[in-house]
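One-letter residues, chain by chain:
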Amino acid sequence: MSFRAMLLTRNDDKSINADITELSQDDLMDGDVLVRVDYSSLNYKDGLAVTSKGKVIRSFPMIPGIDFVGTIEESKSDDYAPGDQVILTGWGVGEKHHGGYAQYARVKSKWLVPLPEKLSPQHAMAIGTAGLTAMLAVRAQEVHGLKPEHGDILVTGASGGTGSMAIAILGGWDYNVVASTGREEQADYLKSLGANEVIGRLDAPGRPLESGRWGAVVDGVGGETLASALAATKYGGCVAAYGLAGGSELNTTVLPFILRGVKLHGIDSVMAPFEKRKDAWMRLALDVPAEKLDMMMQVVPLSKIRPYCDDILDGKVRGRIVVDVNA
């Protein structure tokens, strides 16, 4: 049986083609479950892969798409049966194993989590990798004792998918959320998600320690933004860092850590273990209202995803792009 997919291939001159093509199930990679895919999503890493602006793809040819939601059609696993609805994020899918930009995927069952009953497939991909990452960052803050009375919670890269999801989560829990973005025109959107205040991008810190303002930080920017956030975090606060849109270097000192007891908690959603993923997805299904997901998402056919890949790299995508692989 044939199906449609986006396939990345590399030419002799190392340029990359991204074509919508017909494949057969024999073209899929090894795995103990076959999933009929409903939706995927567009993440920064997908943009890098499709545009070939980053060395994301480990081998060619490759079906991109680092996450998807769908229904099991065939299973050799004791954990899932045909008809089960499942979510996949991470594990190198869309990088070294064929991913979600296709109508079918064959993967390892240990990479899956069940779709929570309260989530529709479309809303699951409105959450996707970005929402999972946001929830893992917020859960890290909870582990470190975060409470609303600790004061302002800073979310950087706020207009992006993970930033938007973090605001929607924290805003629903009565935290005072401050959204940092370089896109002033998105202020009303961010406030509608739950931000109490919207500020511009953070400049590099002028001193190793600034006046303490942030009770906690969820940072997807890195670089100078992360250094500034660390310098202005209150005593005992936690900074959860998940991204590097502003750079991978961190020019800071040990002073926030040894004088204020600030904690820097790295967030990785790619290799997160099953129980942590399952907990995060259950929390997301319960705590992110459907109306907020509708507000932050846009559904785009797979056949028209290419220009959005450029947009996400240029910081022009607001919220979440859900990819309909059957359109």
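You'll find the structure just up there.
Residues numbered from 1 in each chain as written. Predicted model: local features only at pLDDT ≥ 70, side-chain atom pairs only at ≥ 80, totals over all residues. Heavy atoms only, no water.

## Topic: the overall build of the protein
Counting its regular elements, the protein contains nine helices and 15 strands. Taking 2.2 N^0.38 as the reference for a compact globule, 327 residues should give roughly 20 Å; the C-alpha atoms of the protein span a radius of gyration of 20 Å, in line with that estimate. If one aligns the C-alpha atoms of the protein with their principal axes, the spans along those axes are about 65 × 45 × 35 Å. For the protein, the proportion of its 327 residues judged to be buried stands at 54%. The contacts of the protein with a sequence gap of at least 6 include a subset with a gap of at least 24, amounting to 70%. Counting only carbon and sulfur atoms, one obtains 47% of the accessible surface of the protein, whose full area is about 14,100 Å². Between the averaged position of the 34 positive side-chain charges in the protein and that of its 41 negative side-chain charges there is a distance of 4 Å. (Helix = DSSP H or I, 4+ residues; strand = E, 2+ residues; numbered from the N terminus. Rg over C-alpha atoms; globule rule 2.2 N^0.38 Å. Buried < 20%, exposed > 50% of the residue type's maximum accessible area, 1.4 Å probe, protein only. Contact = heavy atoms within 4.5 Å. Areas by Shrake-Rupley, 256 points an atom, 1.4 Å probe, with all protein chains shown as cover. Lys, Arg positive; Asp, Glu negative; His and termini not counted. Charge placed at Lys NZ, Arg CZ, Asp CG, Glu CD.)

## What about empty space enclosed by the protein?
What the rule picks out here adds up to one cavity of 30 Å³ or more. Put simply, the largest cavity is a space of about 40 Å³. Along its surface, the largest cavity is lined by I87, L88, T89, W111, L112, V113, L132, R277 and W281. For the lining of the largest cavity, the elements supplying multiple residues, two or more each, are β5 (85–89), β7 (112–114) and α7 (274–287). Ranked by residues supplied to the lining of the largest cavity, first place goes to β5 with three residues. Split into classes, the residues belonging to the lining of the largest cavity amount to seven nonpolar, one polar and one charged. (1 Å grid on protein atoms, 1.4 Å probe; cavity = no way out; pocket = protein on both sides within 12 Å on 5 of 7 lines; lining within 4 Å. Points joined across faces, edges and corners; volume = space filled by probe spheres on them. Nonpolar A, V, L, I, M, F, W, Y, C, P; charged D, E, K, R; others polar.)

## Concerning α7
Along its 14 residues, α7 runs 20 Å from first to last C-alpha, staying within 8% of the 20 Å computed at 1.5 Å per residue. Residues of α7 that are buried sit in contact with β5, β7, α2 (121–143) and α3 (161–172). (Expected span 1.5 Å × (residues − 1).)

## Description of a nonpolar patch on the surface
On the surface, a nonpolar cluster with roughly 310 Å² of combined accessible area is contributed by V254, I258 and L259. Position of L259 relative to the elements: it lies in helix α6 (residues 255–259). (Patch = residues over 30% accessible without salt bridge, like charges linked within 9 Å, V, L, I, M, F, W, Y side chains within 5 Å. Salt bridge = Lys/Arg side-chain N within 4 Å of Asp/Glu carboxyl O.)

## Section: the pairing of strand β3 (residues 33–42)
Remark: a regular strand shows side chains that alternate across the two faces of the sheet. Of all ten residues in β3, nine are buried, a share of seventy percent or more. Of the strand pairs in this sheet, β3 and strand β6 (residues 104–107) are connected by four bridges, and their pairing is antiparallel. Counted as the bridge partner of R36 is Y104 from β6. (Pairing = 2+ DSSP bridges.)

## Thoughts on the sheet that holds strand β12 (residues 233–241)
Spatially, six strands are ordered β10-β9-β8-β11-β12-β13 in an open sheet, and the strand pairing comes out parallel. A single partner strand is all that each edge strand has here, and the edge strands are β10 (197–199) and β13 (263–266). The mean angle between the axes of side-by-side strands here comes to 20°, regardless of whether they run parallel or antiparallel. Helix-sheet contacts for helix α5 (residues 223–231) involve β8 (153–155), β11 (214–219), β12 and β13, and the interaxial angle to β12 is about 155°. (Axes fitted to C-alpha atoms, helices over the stretch in contact; angles between N-to-C directions.)

## Focus on the environment of L259
Residue classification places L259 among the exposed residues on the basis of a relative accessible area of 51%. The spacing of L259 and G237 is 22 residues in sequence and 12 Å in space, taken between C-alpha atoms. If we skip the residues at most four places from it in the chain, L259 touches L209 and Y235.

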